[in-house]
Amino acid sequence: MLEHVDLMVERYLNEKQTQRGAILLDVFGILQGLFVAIDALYDLSIGLTRYKYPININQNKILHELKYIRNDIVGHPTHRTYPNGGMGFSILDTSHLSKEKMTYKTYIYEKNSLRIETKDVLFEPLITQYKKEKLVVLKDIERTIRHDQATTDIPEQLAIFHETLNKESLLQIIETFKKTYDVDESSSHRFLWRANLLIDLLSWQENDDELKEILLYMMRFQTSKLYDMALDMEDRRQKALYTPIPKLLHGFYKFVRKHEKIVYPLMKNLNDAGHPLHDSDLMGILSLNPNEDAYKLLNFFKAQTNPDCKFLIGSILRAYRPKS
């Protein structure tokens, strides 16, 4: 599939088109082709390494948008639904369509009002970033399958860090990981990505005691993810790291339990600030009159402007487990 997409990309770049129908066919083809190629990279990683740890394309901002652009134009252009009963659809502007650029408008009807969002898409950056990320991912997958299975003390060091949250210890763990698995700064490996999120978390300051508890919980939550990842890579099993749920998060989970059928479907995009429905899903949850603790946590989440901060808080919100 990856080879097929390479052929499609080459043809797309080299073949000039002037007729509108031919340009549409090429545009639809390249969007779907790149979308499928990214799926193929994930499946290749899982097929050869058992995990998707070597690949993290969502951290590439240009490619992260690809799935939403593809859905708007090629996947589901006539169907968007919103928590308050609103609906939307996208229309491609074919009067200014070319193989270099396209523009489309998304019409959103909510509460008897119409909002129109315009999106410009440049194809060259999409293709360039796909080629770049593909090479990085293939390199990381190759390193993983060529690497002899290691037994390290990284999980044990993470278990200690889970208690101490000492930055110097984390930096040492990162260096040990890089050396053991032969990865560098160009790698998109999820272990390094989560470790870097933890570094940022360690410097995050809040004055409110309940929010400080949330920060500590997020640090230990992400550490437990690294711990599980490190064990998986060594094909080891050990007791999971445990962190008590803080007061605000407990209140949020209690609120979700009470409104589970409505709230749970709205939670799946909370850790992705770039998702087209992120804001509307959050507002849909807030409209359900959450309890005091849930309201405070949700408003803390809403106030964040950094996508990484959104991801970190959204991840602990999404960690709720439904009754079923």
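Residues numbered from 1 in each chain as written. Predicted model: local features only at pLDDT ≥ 70, side-chain atom pairs only at ≥ 80, totals over all residues. Heavy atoms only, no water.

Enquirer: Would you mind going over the overall build of the protein in detail, with residue names and values included?
Expert: Each helix and strand counted, the protein has 14 helices and 4 strands in total. For 324 residues, the compact-globule estimate of 2.2 N^0.38 gives 20 Å, and the C-alpha radius of gyration of the protein, at 22 Å, lies within 12% of that figure. Taken over the C-alpha atoms alone, the protein extends approximately 65 × 55 × 35 Å along its principal axes. Within the span of the protein, comprising 324 residues, buried residues form 48% of the whole. Sequence-distant contacts in the protein: of pairs separated by 6 or more residues, those separated by 24 or more amount to 66%. Accessible surface, the protein: about 17,400 Å² in total, of which carbon and sulfur atoms supply 52%. Between the mean site of the 44 positive side-chain charges and the mean site of the 44 negative ones, the protein shows a separation of 5 Å. (Helix = DSSP H or I, 4+ residues; strand = E, 2+ residues; numbered from the N terminus. Rg over C-alpha atoms; globule rule 2.2 N^0.38 Å. Buried < 20%, exposed > 50% of the residue type's maximum accessible area, 1.4 Å probe, protein only. Contact = heavy atoms within 4.5 Å. Areas by Shrake-Rupley, 256 points an atom, 1.4 Å probe, with all protein chains shown as cover. Lys, Arg positive; Asp, Glu negative; His and termini not counted. Charge placed at Lys NZ, Arg CZ, Asp CG, Glu CD.)

Enquirer: Account for the pattern of salt bridges, with residues named and values stated.
Expert: What the rule picks out here adds up to 20 salt bridges. As a salt-bridge pair, aspartate 26 and lysine 99 come within 3.2 Å of each other at their nearest N and O atoms. Of this pair, aspartate 26 sits in helix H2 (residues 20–49) while lysine 99 sits in the loop between strand S2 (87–92) and strand S3 (101–110), and the two are 73 residues apart along the sequence. Accessibility assignment for this pair places aspartate 26 and lysine 99 in one class, buried. Among the salt bridges present, the one from arginine 237 reaches aspartate 232, with a minimum N-O distance of 3.5 Å. We classify arginine 237 as exposed; its relative accessible area is 59%. Its relative accessible area of 16% is what places aspartate 232 among the buried residues. The structure contains a network of salt bridges with shared partners spanning Asp208, Glu210, Lys247, Asp293 and Lys296. (Salt bridge = Lys/Arg side-chain N within 4 Å of Asp/Glu carboxyl O.)

Enquirer: Which residues make up the environment of asparagine 196, and what values do they have?
Expert: For asparagine 196, the position within the fold is in helix H8 (residues 190–202). Along the backbone, asparagine 196 and leucine 170 are 26 residues apart, and their C-alpha atoms lie at a distance of 9.5 Å.

Enquirer: Now, about the layout of surface pockets: what can you tell me, with residues and values included?
Expert: A volume near 1,300 Å³ is recorded for the largest pocket. In terms of lining, the largest pocket is formed by 43 residues, of which the most central are Trp193, Arg194, Asn271, Phe311 and Ser315. Elements supplying a minimum of two residues to the lining of the largest pocket: helix H3 (61–64), helix H4 (66–75), H8, helix H9 (209–233) and helix H14 (307–318). Residues of the lining of the largest pocket, tallied by class, amount to 16 nonpolar, 13 polar and 14 charged. Around the second largest pocket, the lining comprises 23 residues; the ones closest to its centre are Glu185, Ser187, Ser188, Trp193 and Asn196. Ranked by residue count, the leading element in the lining of the second largest pocket is H8, at 7 residues. Of the residues assigned to the lining of the second largest pocket, the class counts are 9 nonpolar, 8 polar and 6 charged. (1 Å grid on protein atoms, 1.4 Å probe; cavity = no way out; pocket = protein on both sides within 12 Å on 5 of 7 lines; lining within 4 Å. Points joined across faces, edges and corners; volume = space filled by probe spheres on them. Nonpolar A, V, L, I, M, F, W, Y, C, P; charged D, E, K, R; others polar.)

Enquirer: Break down empty space enclosed by the protein for me, with residues and values.
Expert: Counted by the stated rule, this structure contains 1 cavity of 30 Å³ or more. One number sums up the size of the largest cavity: a volume of about 40 Å³. Lining the largest cavity are Asp140, Arg143, Thr144, His147, Tyr181, Val183, His189 and Met233. Considered class by class, the residues forming the lining of the largest cavity number 3 nonpolar, 3 polar and 2 charged.

Enquirer: Requested: an account of helix H7 (residues 167–181), with residues and values cited.
Expert: When the terminal C-alpha atoms of H7 are compared, their 21 Å separation across 15 residues agrees well with the 21 Å that a helix rising 1.5 Å per residue should span. All buried positions along H7 are accounted for by Leu170, Ile173, Ile174, Phe177, Lys178 and Tyr181. For H7, the buried positions fall inside an angular range of 135 degrees around the axis, keeping them on one side. Looking at H7, the residues exposed on the side facing more than 90 degrees away from the buried face are Glu168 and Lys179. Check the buried side of H7 and you find it contacts helix H6 (154–164), H8 and H9. Between the side-chain oxygen of the N-cap and the backbone nitrogen of glutamate 168 there are 3.1 Å, and the N-cap of H7 in question is asparagine 166. (Expected span 1.5 Å × (residues − 1). Arc of directions from axis to C-beta. Polar contact = N/O pair within 3.5 Å; in protein donor to acceptor, adjacent residues only side chain to side chain.)

Enquirer: Describe the environment of aspartate 281, listing the residues and the values that go with them.
Expert: Secondary-structure assignment places aspartate 281 in helix H12 (residues 278–286). With 56 residues separating them in the primary sequence, aspartate 281 and lysine 225 have C-alpha atoms 26 Å apart. When residues no more than four places from it in sequence are discounted, the contact partners of aspartate 281 are Pro83, Leu266 and Asn269.

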